[in-house]
Amino acid sequence: MSESERLRRKVDADLGGCCDADVANRLSELRALADDADERAGTRAVFAVLGDETRNRLVRVLAASDDRLCVCELEPLFSVSESALSHALSDLADAGLVTREKEGNWRYYETTERAERLLAAAEADA
């Protein structure tokens, strides 16, 4: 059975009878829904960033901290180079999950409200 036949059966069951126009209208509604979802694809980048173990742990450590942290404070907690850590923090900043502030030779990071909300949602049912 083709997908269009299945859709026709679904529309027919929902409406108690249907015609080609009913199926076309439903298909148009579904395409608009998919287009809207595609326009919001920016969230995919956030989840892709958090899918990496180092970046995920970084954002959780920063969220657990009562204050912003410097790369030099984070480095001993991770088994990656300072360069890799800085790159991971940059990815998190680009995704809007951490902020960075430079003071002299030091660069400090802290989580954003967006990251806090995402972590809270992820941990709600965990």
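Residues numbered from 1 in each chain as written. Predicted model: local features only at pLDDT ≥ 70, side-chain atom pairs only at ≥ 80, totals over all residues. Heavy atoms only, no water.

What am I meant to see in a nonpolar patch on the surface here?
Residues L27, L30 and L33 make up a contiguous nonpolar surface patch of about 240 Å² in total accessible area. With respect to the helices and strands, the residue L27 is situated in helix 2 (residues 20-39). (Patch = residues over 30% accessible without salt bridge, like charges linked within 9 Å, V, L, I, M, F, W, Y side chains within 5 Å. Areas by Shrake-Rupley, 256 points an atom, 1.4 Å probe, with all protein chains shown as cover. Salt bridge = Lys/Arg side-chain N within 4 Å of Asp/Glu carboxyl O. Helix = DSSP H or I, 4+ residues; strand = E, 2+ residues; numbered from the N terminus.)

What am I meant to see in helix 4 (residues 53-64) here?
Residues lying three or four places apart along an α-helix face the same way, a consequence of the helix completing one turn every 3.6 residues. Its 12 residues give helix 4 an end-to-end C-alpha distance of 16 Å, which sits within 8% of 16 Å, the value for a rise of 1.5 Å per residue. When we look at burial in helix 4, the residues that qualify are R55, L58, V59 and L62. With its buried residues spanning 90 degrees around the axis, helix 4 presents them on a single face. Exposed side of helix 4, more than 90 degrees from the buried face: E53 and A64 are the residues found there. (Expected span 1.5 Å × (residues − 1). Buried < 20%, exposed > 50% of the residue type's maximum accessible area, 1.4 Å probe, protein only. Arc of directions from axis to C-beta.)

Mind showing me how you'd approach the packing of helix 4 against helix 6 (residues 82-94) here?
Packed helix pairs are characterised by how far apart their axes lie and by the angle those axes make with each other. Packing of helix 4 against helix 6 brings their axes to within 10 Å, and their N-to-C directions diverge by 75 degrees. It follows that helix 4 is roughly perpendicular to helix 6 by the angle criterion. Across from T54, R55, L58, V59 and L62 in helix 4, the residues of helix 6 making contact are L85, A88, L89, D91 and L92. Classifying every residue of the contact of helix 4 with helix 6 by side-chain character gives seven nonpolar, one polar and two charged. (Axes fitted to C-alpha atoms, helices over the stretch in contact; angles between N-to-C directions. Parallel < 35°, antiparallel > 145°, perpendicular 65-115°, else oblique. Contact = heavy atoms within 4.5 Å. Nonpolar A, V, L, I, M, F, W, Y, C, P; charged D, E, K, R; others polar.)

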